[in-house]
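Residue-level structural notes
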Amino acid sequence: MAQNLVALAGNEAVAYAFKQARPHVGSAFPITPQTEMMHKFAEFVANGEVDTEMILVESEHSAMSAAIGSAAAGARTFTATSSAGFALMWEMVYVAASLRLPINMALVNRALSGNINIHCDHSDSMGGRDSGWIQVFCENAQESYDTALMNFRISEHMDVRLPAMTNYDGFIISHTEDALYLLDDDTAYDFIGPYQAKYALLDVENPITVGPLDLTDYYFEHKWSQMEAQKRVFPVAREVMSEFGELTGRSYDFFEEYRLDDADLVMVVLGSSAGTTKDVIDEYRDKGVKVGLLKLRLFRPFPVAEIVKVLAGRKAIAVLDRSASFGGFGGPVFTEIRSALYRQEQTPIHNWIYGLGGRDYDLKQVAEVIEKLQQIAAGEELQEVNLLGIRL
Amino acid sequence: MAVNLKKLVRKEDLLSGGHRACAGCTGANILRQVMLVAGRDTIVGGATGCMEVVTTVYPYTAWKVPYIHTAFENVAATISGVETGFRALKKFGDLPVEREKMNFIAIGGDGGTYDIGLQSLSGAMERGHNMVYICYDNEAYMNTGIQRSSATPFGAHTSTAPAGKVKQGKEQNRKNLTAIMVAHEIPYVAQTTPFHWRDLATKVEKALAVDGPAFLNVLMPCTIGWHFDPAIGMQICKEAVENNFWPLFEVENGKYKINYKPSEKKPKTQLADWMKQQGRFKHLFKPGNEELLVKCQEYVDQEWEKLLKLEVMTAEPESVKTV
């Protein structure tokens, strides 16, 4: 089908996707680098390109609270934030998932304070990994746009009914002009479809109580229902991604495999770092080194069976984390991957923590990891958790 | 707007019995009276607190209208979302049931309103959502065990500012939240109590009728936290108004109106007599604490004088002449 090739920054691309979903309500509070996504959306509203009612709240805590109220009312609802803003709404992030409200949020990844830093890392989103939201990480503006569209379908699916985060790297994606294809508005909306809430507060003829006091006798079972809903994301996401692929020619999966088929050495990354990694992998492939990349897209729910299938039997694996778990054994992606592969034959899995606070992730760093992977594969015992690109 | 008692009592009770409020709780009474006026096409939001906890123990609910609770500090933001959802779904033609108008009521205790929820309340009032915010003010964090709040009056004993050998309860006067709400220049702000049922019902009716936000501060004497006989909660409300501790007044579009003025010559109750009935002020009646009691009286007098002046200052020019 015909698609428009345009040049947009990631924030604009995601604003476009949100506009095309024709949400009833959006709530927003400014924080860098999410701001331009909301500026763009506000322009769409001001120009009558979308009928969304905006709630321009006084804090992110209220942004998420208002989004919850709106979604519980029965409205398709979106919001966006970054870093400290996400941290401030944290309490309500859990409530949104617990109430099974399919709110869609752009989380433009930025380092948490302190010290205050406006640049990219994943410490914000990793704080929400246990919150019950669907979390997808994106490599570029195209993927961010596509993911934002698909996330509406996945999150609102009757089998799922969970909120979803479209994660894309602050500045690196949000503020970088990129070439991408856009669907026309009607095609995009038809793909997503209208929103029908299963239970709506506004149905005053069938009153419901939302968010009651839930104690020892039922709370656990309600948490179970959230766990089950997360599991149901897998088939729904597959179906949505496959339909999206047929519509646009752009296929997605839980993760992307790059030169992975015959790879002995594997790097695992999230987000925009995949691009840089792919370049260096190409160089090493030219030198005959069998190295590949697993770019993880769907982080919650964590596709453990598929990851084990792809990573089992490799000679050495490097997991890169753009966030630290202070005092923990490596970063969050590392512990997850390593735990997933525990029962497989002993593949050494090492961790590199990199890029905190927007520290550049450059070609040399990728090469350093690949060199180390080669040594590990050759039987050398190297440190398991490492820092990459740090100046000490 | 005259409230008709005969009509009111025939209306359906939208808060069912069997909820878990304490014997003698005046809060549940406030909710029932509010709902008699509001009716079925109403969506209620509750901040975490006594009234939320006692009305919604899963799998039960006392609410016969749609009800939402999400957290402690954000009921105004939550109801902002619901109210905006209503306007948006109406505009899109997507309402689940056709209604021209619905009522949106946010309810919070003084902790959830004066303190932790103040920012969210201020934001919602400034944005002008069509909602009525009702604060049931029992002057401390009762749900968590009677800790002091910014609504706790001077001298009151609470579990975090207790009366002891060297301290005599709360050392600050309460925050004047009603005045803060008036400063938001919203169309309607009022104070009332559940004893004054006609006053309360009329004020709820007015608050729901205005286009935009309205705020009601409702005194809610707490038998547990204030330490009084559960049978006399309504009497405590009545006397709080008579001795000017909790004046009944309303501010419509900036104009103050005091709804009850005690006779200056023959006041029905004295503040000290009223305080004596409440265990939270017991220590103030010990020898040596006379000055603290005087301070309590001075504060009430000073606030009352201020209110009288505000009524004159904001009155229509015609009525100024007659004052």
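Residues numbered from 1 in each chain as written. Chains lettered and ligands numbered in written order. Predicted model: local features only at pLDDT ≥ 70, side-chain atom pairs only at ≥ 80, totals over all residues. Heavy atoms only, no water.

Topic: a nonpolar patch on the surface
The following threshold applies: Patch definition: residues above 30% relative accessible area lacking any salt bridge, with like charges linked at up to 9 Å and the nonpolar side chains Val, Leu, Ile, Met, Phe, Trp and Tyr linked at up to 5 Å. For every accessible area listed, the method is Shrake-Rupley and the probe measures 1.4 Å; residues are considered covered only by the protein chains on display. Basic side-chain nitrogens of Lys or Arg form a salt bridge, by our definition, when they fall within 4 Å of a carboxyl oxygen of Asp or Glu. Numbering of helices and strands starts at the N terminus; helices are DSSP runs of H or I of at least 4 residues and strands are runs of E of at least 2.
A cluster of nonpolar residues, A:Leu387, A:Ile390 and A:Leu392, forms a patch on the protein surface that exposes about 370 Å² of accessible area. With respect to the helices, strands and loops of the structure, A:Leu387 is situated in strand β16 (residues 385–388).

Details of the domain arrangement of chain A
Residues and elements named next belong to chain A. How we decide: Residue ranges for the domains originate in an automatic or database domain assignment. Only heavy atoms enter the contact rule, under which two residues are in contact if any of them lie within 4.5 Å. Put simply, buried area is the surface a 1.4 Å probe can reach on two separate parts but cannot reach once they are joined, added for both. For the purposes of these results, a polar contact is taken to be a pair of N or O atoms within 3.5 Å, where, inside protein, one atom must be able to donate a hydrogen and its partner to accept one; residues adjacent in sequence count only when each atom of the pair is a side-chain atom. The classification used treats Ala, Val, Leu, Ile, Met, Phe, Trp, Tyr, Cys and Pro as nonpolar, Asp, Glu, Lys and Arg as charged, and all other residues, Gly among them, as polar.
Domain boundaries in chain A define domain 1 (3–248) and domain 2 (255–388). Here the C-alpha centroids of domain 1 and domain 2 sit 28 Å apart. Each partner contributes residues to the interface: domain 1 has 28 residues there, and domain 2 has 27 residues. Of all residues in domain 1, Arg129, Glu139 and Phe234 bury the most surface against domain 2, accounting for 28% of the area lost on that side. The interface formed by domain 1 and domain 2 includes five salt bridges. Of the charged contacts, one joins Lys278 and Glu139 as a salt bridge, the two residues approaching to 2.8 Å between their closest N and O atoms. Applying the counting criterion to the domain 1 and domain 2 interface returns 15 residue pairs in polar contact (both at pLDDT 80 or more). Where the side of domain 1 that touches domain 2 is concerned, the elements lending two or more residues are α6 (123–126), β6 (134–137), α7 (141–156) and α10 (233–248). Taken together, the residues of the side of domain 1 that touches domain 2 break down into 14 nonpolar, seven polar and seven charged.

Considering the confidence of the model for chain B
What counts here: Note on scores: pLDDT gives the predictor's confidence for each residue, bounded by 0 and 100.
When the pLDDT values of chain B are averaged, the result is 96; 98% of them are 70 or greater. Model confidence for the complex: the whole-complex pTM is 0.97, and ipTM, which rates the interface, is 0.97.

Some remarks on the interface of chain A and chain B
The test is simple: Pairing between strands is defined by DSSP: at least two bridges between them are needed.
With 44 residues of chain A at the interface, the matching set in chain B holds 47 residues. When the buried area of chain A at its contact with chain B is split by residue, A:Leu202, A:Val204 and A:Leu213 rank highest and sum to 20% of it. For the pair chain A and chain B, the interface holds four salt bridges. Summed over the shared surface of chain A and chain B, the result is 17 residue pairs in polar contact (both at pLDDT 80 or more). Of all the secondary-structure elements, those providing two or more residues to the side of chain A that touches chain B are β3 (53–56), α3 (60–73), α5 (90–98) and β9 (209–210) of chain A. Tallying contributions element by element places α3(A) first for the side of chain A that touches chain B, with nine residues. Residues belonging to the side of chain A that touches chain B are distributed by class as follows: 24 nonpolar, 12 polar and eight charged. Sheet analysis places β9(A) next to strand β2 (residues 67–69) of chain B, joined by two bridges and oriented parallel. Each bridged residue has a counterpart across the sheet, and for A:Val210 the counterpart in β2(B) is B:Ile68.

Focus: the sheet that holds strand β4 (residues 132–137) of chain B
The criterion, for reference: Only the stretch in contact is used when a helix axis is fitted, and all axes are lines through C-alpha atoms; the angle between N-to-C directions ranges over 0 to 180 degrees.
Pairing is mixed in the open sheet, where nine strands are placed in the order β9(A)-β2(B)-β1(B)-β3(B)-β4(B)-β6(B)-β5(B)-β7(B)-β8(B). Taken across any chain shown, the strands that pair with only one partner, and hence form the sheet edges, are β9 of chain A together with β8 (255–258) of chain B. Against the sheet, helix α4 (residues 75–92) of chain B contacts β1 (42–46), β2, β3 (103–109) and β4 of chain B, and its axis sits at roughly 175 degrees relative to β3(B).

Overview of the pairing of strand β2 (residues 25–28) of chain A
Residues and elements named next belong to chain A. Quick reminder of the rule: The cut-offs for exposure are 20% and 50% of the maximum accessible area for each residue type, with area from a 1.4 Å probe on protein chains only; residues under the lower value are buried, those over the upper are exposed, and the others partly exposed. With the strands aimed away from the viewer, a crossover counts as right-handed if its path from the first strand over the helix to the second runs clockwise.
Burial along β2 is two-sided: the residues Val25 and Ser27 and Gly26 and Ala28 are all buried. One ladder, built from four bridges, connects β2 with β3; its direction is parallel. Counterpart to Ala28 in the pairing with β3 is Leu56. Each parallel crossover has a hand, and the one from β2 via helix α2 (residues 35–46) to β3 is right-handed. By the bridge criterion, four bridges tie β2 to strand β4 (residues 77–81) in an arrangement that is parallel. Residue Gly26 lies in a different strand from β4, and its bridge partner there is Phe78.

Here we look at the packing of helix α11 (residues 273–286) of chain A against helix α14 (residues 363–377) of chain A
All names here are of chain A. Rules: By the definition adopted for this analysis, an angle is roughly parallel if under 35 degrees, roughly antiparallel if over 145, roughly perpendicular if from 65 to 115, and oblique otherwise. For any helix crossing, the convention is left-handed if the near helix is rotated counterclockwise from the far helix by under a right angle, and right-handed if that rotation is clockwise.
Put simply, α11 and α14 touch, their axes get as near as 9 Å, and they point 55 degrees apart. Judged by the inter-axis angle, α11 sits oblique to α14. Seen from above, α11 lies across α14 with right-handed handedness. Contacts between α11 and α14 involve Thr276, Thr277, Asp279, Val280, Ile281 and Tyr284 on the former and, on the latter, Leu363, Val366, Ala367, Ile370, Glu371 and Gln374. Of the residues contributing to the contact of α11 with α14, the split by class is seven nonpolar, three polar and two charged.

Here's the deal with the packing of α3(A) against α4(B)
When two helices pack together, their arrangement is given by the angle between the helix axes and by the axis-to-axis distance. Following both chains from N to C, one finds α3(A) and α4(B) inclined at 45 degrees, their axes separated by 6 Å at the closest point. In terms of their interaxial angle, α3(A) and α4(B) are classed as oblique. Judged by the twist between their axes, the crossing of α3(A) over α4(B) is right-handed. Residue-level contacts link A:Ser62, A:Ser65, A:Ala66, A:Gly69, A:Ser70 and A:Ala73 of α3(A) to B:Ala77, B:Thr78, B:Gly81, B:Val82, B:Gly85 and B:Leu89 of α4(B).

As for the pairing of strand β11 (residues 265–270) of chain A
All names here are of chain A. Extensive coverage of β11 is indicated by the burial of six of its six residues. Residue alternation in β11 divides its side chains into two sets, Leu265, Met267 and Val269 and Val266, Val268 and Leu270, and both sets are buried. Across six bridges, β11 lies against strand β12 (residues 291–296) in parallel orientation. The residue of β12 that forms the bridge with Leu265 is Val291. This β-α-β element, β11 to α11 to β12, shows right-handed connectivity.

Observations regarding the pattern of salt bridges
All names here are of chain B. All chains considered together, the criterion is met by 41 salt bridges over all chains. Across the salt bridge formed by Arg87 and Glu83, the nearest N and O atoms sit 3.0 Å from each other. A residue pair is termed a helical-turn pair when its members lie 3 or 4 positions apart in one helix, as Arg87 and Glu83 do in helix α4 at four residues. The exposure class assigned to Arg87 is partly exposed, which follows from its relative accessible area of 33%. Between Lys206 and Glu252 there is a salt bridge, with its nearest N and O atoms 3.1 Å apart. Here the residue Lys206 occupies a position in helix α8 (residues 197–209), and Glu252 occupies one in strand β7 (residues 249–252), the gap between them amounting to 46 residues. For Glu252, a relative accessible area of 36% translates into the label partly exposed.

With respect to the side chain of B:Glu239
Residues and elements named next belong to chain B. Using the following cut-off: Charge counting treats Lys and Arg as positive and Asp and Glu as negative, with His and both chain ends excluded.
Structurally, Glu239 is set in helix α9 (residues 233–242). Summary of buried charges: Glu239 has no salt-bridge partner, and the nearest side chain of opposite charge, Lys238, is 6.2 Å away. Within polar-contact distance, the side chain of Glu239 engages the side chain of Gln235 at 2.8 Å. Excluding its chain neighbours within four sequence positions, the residues that come into contact with Glu239 are Thr269, Trp274 and Gln277.

Details of the nonpolar core
Residues and elements named next belong to chain A. The line we're drawing: Nonpolar cores are built from buried Ala, Val, Leu, Ile, Met, Phe, Trp, Tyr and Cys residues. Side-chain atoms within 4.5 Å join them into one set.
Residues Met64 and Leu202 are the most contacted members of the largest nonpolar core, which totals 124 residues. With near-sequence residues (within four places) excluded, Met64 lies in contact with Thr79, Met89, Met92, Val93, Ala96, Ile103, Met105 and Trp133. Phe78, Tyr168, Leu260 and Ala340 belong to the second largest nonpolar core, which has 73 residues in total.

A few points about a negative patch on the surface
Residues and elements named next belong to chain B. For clarity, the threshold we go by: Lys charges are placed at NZ, Arg charges at CZ, Asp charges at CG and Glu charges at CD.
On the surface, Glu264, Glu298, Asp301 and Glu305 cluster together into a patch of negative charge. The topology assignment puts Asp301 in helix α11 (residues 290–313). On the basis of relative accessible area, Asp301 is assigned to the partly exposed category, the value being 37%.

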